[in-house]
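A closer look at the structure
Listed below are the residues making up each chain.
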Amino acid sequence: MFPPAQPPAPFPDSGTDYLAKLNPEQREAVETVDGPLLVLAGAGTGKTRVLTTRFAHILMTRRAFPNQVLAVTFTNKAAKEMRERVSAILGRPAEGLWLGTFHALCARMLRRHAEYVGLTSSFTILDTDDQMRLLKQVMDAAVVDIKRWPAQGMMAVIQRWKDRGLTPARVSPAEDSDYANNKARSIYEAYQSRLKALNAADFGDLMLHMTEILRTQPDVLAQYHRAFRYILVDEYQDTNTVQYLWLRLLAQGHHNICCVGDDDQSIYSWRGAEVENILRFEKDFPGARIVRLESNYRSTRPILAAASHLIAKNEGRLGKTLRAGRNDADGEKVRVVSLWDSEEEARMVGERIEQAQRKGVPLGQAAILVRAGFQTRSFEERLITLGIPYRVVGGQKFYERAEIRDAMAYMRVLHQPSDDLAFERIVNTPKRGIGDGALQQMHVGAREQGIPLAIAAERLARTEVMRAKPRAAMRELFDGFSRWRALMQREGHVVAVATMLDESGYTEMWKQDKSAEAPGRLENLKELVRAIGEFATLEGFLEHVALVMENDENAEGERVSLMTLHAAKGLEFDLVFLPGWEEGLFPHQRALDEGGTKSLEEERRLAYVGITRARKMAVISHAANRRVYGNWSAAIPSRFLDELPPGEIEREGSGAAQRGRMVNAPTVFSGQFPLSSQRPARVIEAGAWEVKERPARADAMRVGQRVFHQKFGYGRVTAVEDDRLEVDFEKAGQKRVLDRFVEKA
DNA sequence: ATCGTACCAGTTTTT
DNA sequence: CTGGTACGAT
């Protein structure tokens with residue numbers, strides 16, 4: 001499995017012209033091959049290019065075989081991109097690499113050494129859903145007041161421990177936080193032993209177990225020291241403590257570790273990332289060199305100035321200055337637009353997108369980046385009325401959808417009948433009349449005999465103990481499974497899965513379902529079956545899905561992108577809209593309440609990430625009134641607006657927003673915001689704005705009218721109430737929509 | 001076993 | 001205003 005330690009084989013082409021494309025600092029980062037190196041790469045400074053070129057350089061100069069380099073990323077997307085780019089430089093497919101996400105690499109290692117942590121090499125990787133159900137069971141058994149101490153909070157505690165590399169044994173009694181009356185540690189312990197009994201690992205375990213093995217098994221560690229001569233790490237600012245420990249252990253061998261990252265783009269502390277890891281790099285790795293990449297090739301000068309000025313307000317950073325690296329770096333000032341309410345904000349953005357479109361900007365080059373998911377809705381509605389195609393990036397992931405998880409559970413049982421959690425998920429899906437009673441019997445049987453749930457169920461189904469109705473249902477299910485397993489032998493896994501989903505009644509369940517989502521779900525299931533075909537075995541597919549499974553929302557066609565700021569990291573667009581810069585929303589109230597300066601600084605980094613996504617134009621906006629949970633509430637402009645360099649931005653205030661200032665003068669605007677006009681104050685009755693002007697529709701909708709809706713397609717009106725319609729859509733089912741979003745068909 | 005109602009909470013997300 | 005969950009009624 002591991003390569004011999006002989007000199008690497010020669011490469012057909014060992015020219016170094018790939019170096020010529022780099023600027024001096026990038027070149028330094030690539031050529032400083034030996035010893036620890038931290039590459040501080042500002043936004044848009046060619047981080048990925050450096051990382052991939054460095055990888056190729058190591059191979060081209062015959063310092064190592066391809067499989068002697070460990071390259072780690074956070075996302076599968078980044079891993080895939082790196083693989084492709086390394087292949088491009090090498091001029092041939094890069095195979096046999098240790099290149100992947102932290103979790104995928106750990107899973108691969110852990111399959112070899114699973115016995116050290118009480119698992120077998122065929123352990124299953126649980127999704128969040130399974131984790132929660134398991135934890136709830138454990139907490140039930142421990143008699144925890146689940147109302148006072150919700151399982152979700154307990155899960156967060158456990159995950160934080162895992163993020164920090166703490167096995168139950170390593171959690172000190174003092175650490176046994178006051179969650180669940182100091183039962184937290186024992187619950188954690190019980191949860192871990194349940195996982196072990198199920199031969200399962202959750203995502204955190206992949207890192208935790210592997211790190212624990214490297215810590216305690218010197219021979220295993222030595223094995224990897226022999227294997228990896230060079231280590232490359234992407235997005236180092238996002239690493240958590242276990243990931244750091246894991247890297248440090250592996251780097252003890254050759255000390256050739258190169259971490260690339262940007263402390264100013266650290267936005268994931270809430271999921272365990274420790275900015276300190278990157279800030280501490282020189283101490284952690286003695287003799288480390290630091291190279292700064294500061295030439296930005298992405299954005300215009302005003303955009304860079306705005307971003308730099310803002311981020312300079314943060315304490316505790318290593319410090320970089322972005323320079324415009326392009327020749328054509330001059331550009332328009334960053335706009336800051338003040339608006340009356342969130343609807344006007346959506347209208348403004350829509351108009352400017354239309355304008356840009358007329359000027360020839362492709363829609364794929366425009367993006368709306370929001371702080372929180374719910375903000376996308378008003379923009380979606382606006383874009384629909386304008387007929388502008390868009391896509392929402394992120395949101396619910398393909399593999400998180402119920403139908404995909406269900407289908408996956410069927411496959412897991414097919415593959416491994418001992419997968420109790422999967423079995424429990426599907427035993428009564430679709431409804432088979434197996435309720436708590438029957439399930440309880442199975443659990444008891446399984447525990448008493450020490451056998452998997454499915455086996456216990458099968459035995460029970462042959463006895464009189466179980467009632468006739470569930471018994472018949474169970475028999476049918478097990479007959480099915482043995483049939484499908486035989487089918488898998490004969491016809492392959494794709495046919496077997498497709499047949500299983502049909503014969504089990506699962507697809508039928510969704511066909512019967514009249515809800516709006518049902519057709520889409522059936523579509524997703526087809527997509528899933530198609531995806532299985534890309535793998536040689538069901539086992540291979542299951543492993544892939546557990547770790548990967550990107551949502552294949554193939555972005556065909558030019559569309560405006562709508563997403564959260566977090567989801568936008570790493571992307572770039574000509575035209576970027578940054579709406580909702582209001583206190584409480586951005587920075588978010590929760591960040592202000594909970595984390596103090598630290599989390600405020602993280603919000604500021606988020607703002608920095610947002611601005612630096614723009615290549616040519618950034619439009620920041622805030623509204624004086626915003627609808628929150630159905631209620632209108634006043635909002636004051638974000639403090640971040642005051643942290644932008646006045647000379648590099650152009651403020652635009654709409655008349656409506658100025659009225660807003662009058663209405664809410666005492667509280668809403670804190671004076672520093674020069675929205676005021678010289679005109680005399682005009683007092684408008686508070687609440688007046690609630691009466692939305694809306695051109696009366698002469699062609700009012702009637703019940704029975706056939707209509708067309710951009711998003712939901714064709715349907716028939718079933719009820720009319722003012723401007724609200726209830727429509728029975730052919731594909732999407734019953735929906736309530738506003739009349740202006742539909743047209744007569 | 002399943003359905004309906006009453007309550008509650010409600011950033012950011014990858015693997 | 002939503003969606004999800006918990007619990008009680010049928």
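The shown structure was predicted, so the numbers you read here are calculated from the model rather than taken from an experiment. (Residues numbered from 1 in each chain as written. Chains lettered and ligands numbered in written order. Predicted model: local features only at pLDDT ≥ 70, side-chain atom pairs only at ≥ 80, totals over all residues. Heavy atoms only, no water.)

1. Structural notes on the overall build of chain A
Helix and strand content of chain A: 28 helices and 23 strands. Classification of the 745 residues of chain A by burial places 52% in the buried group. Restricting the contact set of chain A to residue pairs at least 6 apart, pairs at least 24 apart contribute 74%. Working note: accessible area of chain A is about 34200 Å², and carbon and sulfur atoms make up 49% of it. (Helix = DSSP H or I, 4+ residues; strand = E, 2+ residues; numbered from the N terminus. Buried < 20%, exposed > 50% of the residue type's maximum accessible area, 1.4 Å probe, protein only. Contact = heavy atoms within 4.5 Å. Areas by Shrake-Rupley, 256 points an atom, 1.4 Å probe, with all protein chains shown as cover.)

2. Notes on the sheet that holds strand β6 (residues 230-233)
If you walk across this open sheet you meet the 6 strands as β3-β2-β6-β7-β1-β8, and the pairing is parallel. Only two strands of the sheet have a single neighbouring strand rather than two, namely β3 (98-101) and β8 (289-293). For this sheet the average axis-to-axis angle between neighbouring strands, irrespective of direction, equals 15°. Docked against the sheet, helix α1 (residues 24-31) engages β1 (37-41) and β8, running at close to 145° with respect to β8. (Pairing = 2+ DSSP bridges. Axes fitted to C-alpha atoms, helices over the stretch in contact; angles between N-to-C directions.)

3. Notes on the protein's contact with DNA strand B
For DNA strand B, the set of nearby residues contains 29 residues, the closest of which are Asn76, Arg371, Gly373, Gly435 and Thr564. A share of 56% of the atoms of DNA strand B within 4 Å of the protein falls on sugar and phosphate groups. Between DNA strand B and the protein, one listed contact pairs a base oxygen with a side-chain N or O atom of Arg371 at 2.7 Å. Residue assignment for the surface near DNA strand B shows that the elements contributing at least two residues are α18 (436-449) and α26 (589-593). Tallied by class, residues from the surface near DNA strand B come to 10 nonpolar, 12 polar and 7 charged. (Near = heavy atom within 4 Å. Polar contact = N/O pair within 3.5 Å; in protein donor to acceptor, adjacent residues only side chain to side chain. Nonpolar A, V, L, I, M, F, W, Y, C, P; charged D, E, K, R; others polar.)

4. Considerations on unusual backbone geometry
The amide bond that connects Thr429 to the next residue, Pro430, takes the cis arrangement and shows omega of 0°. Relative to the helices and strands, Pro430 is located in the loop between α17 (420-426) and α18. Between Phe586 and Pro587 the backbone carries a cis peptide bond, its omega angle lying at 5°. Its place among the elements puts Pro587 in the loop between β15 (573-578) and α26. Unusually for a residue other than glycine, Asn199 sits at a positive phi of about 55°. Considering the arrangement of structural elements, one finds Asn199 in the loop between α7 (184-197) and β5 (200-201).

5. Observations concerning the packing of helix α5 (residues 128-141) against α7
One way to put it is that α5 packs onto α7 with a least axis distance of 9 Å and a crossing angle of 125°. Compared by their axis directions, α5 and α7 come out oblique. By crossing handedness, the relation of α5 to α7 is classed as right-handed. Each of Gln131, Leu134, Leu135, Gln137, Val138 and Met139 in α5 lies in contact with α7, whose residues at this interface are Ile187, Ala190, Tyr191, Arg194 and Leu195. (Parallel < 35°, antiparallel > 145°, perpendicular 65-115°, else oblique. Left-handed = near helix turned anticlockwise from the far one by under 90°.)

6. Observations concerning α18
Given a rise of 1.5 Å per residue, 14 residues ought to cover 20 Å, and the 20 Å separating the end C-alpha atoms of α18 matches this to within 8%. Of all the residues in α18, the buried ones are Ala438, Leu439, Met442, His443, Gly445 and Ala446. Projected onto a plane normal to the axis of α18, the buried residues spread over an arc of 165° and lie on a single side. The exposed residues of α18 that point more than 90 degrees off its buried face are Asp436, Gly437, Arg447 and Glu448. (Expected span 1.5 Å × (residues − 1). Arc of directions from axis to C-beta.)

7. So, the packing of aromatic side chains
Evaluated as defined, the whole model comprises 18 aromatic pairs. When the ring of Trp98 is compared with that of Tyr224, the centres are 6.5 Å apart and the planes differ by 85°; the resulting orientation is edge-to-face. Of this pair, Trp98 sits in strand β3 while Tyr224 sits in helix α9 (residues 218-227); the two residues are 126 residues apart in sequence, bridging distant segments of the chain. On the basis of an interplanar angle of 85° and a centroid distance of 6.5 Å, the ring pair of Tyr506 and Trp510 is categorised as edge-to-face. Here Trp510 and Tyr506 lie together in helix α22 (residues 506-512), a separation of 4 residues that amounts to about one turn. With respect to burial, Tyr506 and Trp510 carry one shared label: buried. The structure contains a cluster of three or more aromatic residues connected by ring pairs, namely Tyr410, Phe481, Trp484, Tyr506 and Trp510. Its guanidinium or amino end placed over the ring of Trp98, Arg108 lies 3.6 Å from that ring's centre, counting from NZ or CZ. Lying across the ring of Phe123, Arg111 places its NZ or CZ 4.1 Å from the centre. (Phe/Tyr/Trp six-rings, centres within 6.5 Å; stacked < 30°, edge-to-face > 60°. Lys NZ or Arg CZ within 6 Å of the ring centre and 35° of its normal.)

8. What to know about the confidence of the model for chain A
Averaged over all residues, the pLDDT of chain A equals 83, while 86% of them reach at least 70. Note that residues 655-698 has pLDDT below 50 and, in this model, 59 contacts with residues that lie over four places away or in other chains. (pLDDT = per-residue confidence, 0-100.)

9. Structural notes on the pattern of salt bridges
With the rule as written, the count across this model stands at 46 salt bridges. Where Lys47 meets Asp234, a salt bridge forms, and the shortest distance between an N and an O atom there is 3.3 Å. Remark: Asp234 occurs in the loop between β6 and α10 (241-251) and Lys47 occurs in helix α2 (residues 47-60); sequence separation between them is 187 residues. Given the relative accessible area of 19%, Lys47 is considered buried. The partner of Lys598 in a salt bridge is Glu276, with the nearest N and O atoms 3.3 Å apart. With Lys598 in helix α27 (residues 596-611) and Glu276 in helix α11 (residues 275-279), this residue pair connects regions lying 322 residues apart in the sequence. Residues joined in a network through salt bridges with shared partners are Lys47, Asp234, Glu235, Asp238 and Lys569. (Salt bridge = Lys/Arg side-chain N within 4 Å of Asp/Glu carboxyl O.)

10. Concerning helix α3 (residues 76-90)
Under the 1.5 Å per step criterion, the end-to-end length of α3 is 21 Å for 15 residues, consistent within 8% with the ideal 21 Å. Of all the positions in α3, only Ala79, Met82, Val86, Ser87 and Leu90 are classed as buried. Projected down its long axis, α3 carries its buried residues within an arc of 130°, all on one side. Exposed side of α3, more than 90 degrees from the buried face: Lys77 and Ala88 are the residues found there. Count one or two residues on from α3 and you reach Gly91, which has phi positive near 80°.

11. Notes on the UniProt feature "binding site: ATP" (unreviewed entry) in chain A
Mapped onto the present numbering, the UniProt feature "binding site: ATP" (unreviewed entry) falls on Ala41, Gly42, Ala43, Gly44, Thr45, Gly46, Lys47 and Thr48. Inspection of the secondary structure puts Thr48 in helix α2. Once you skip the residues sitting within four places of it in the chain, Thr48 turns out to touch Glu81 and Arg85. (UniProt positions renumbered as here; feature names shortened; annotations may be inferred.)

12. Examining the side chain of Arg371
Take Arg371: it is sitting in the loop between β12 (366-370) and α15 (376-386). In this structure, Arg371 is in contact with Thr564, Leu565, His566, Leu585, Phe586, His588, Glu603 and Leu606, ignoring residues within four places of it in sequence.

13. Things to note about the packing of α1 against α2
As a packed pair, α1 and α2 sit with axes 8 Å apart at the nearest point and diverge in direction by 40°. On the basis of the axis angle, α1 is oblique to α2. Considering the relative orientation of α1 and α2, their crossing is right-handed. Contacts from Gln26, Ala29, Val30 and Glu31 of α1 reach α2 at Arg49, Val50, Thr53, Arg54 and His57. Broken down by class, the residue content of the contact of α1 with α2 amounts to 3 nonpolar, 3 polar and 3 charged.

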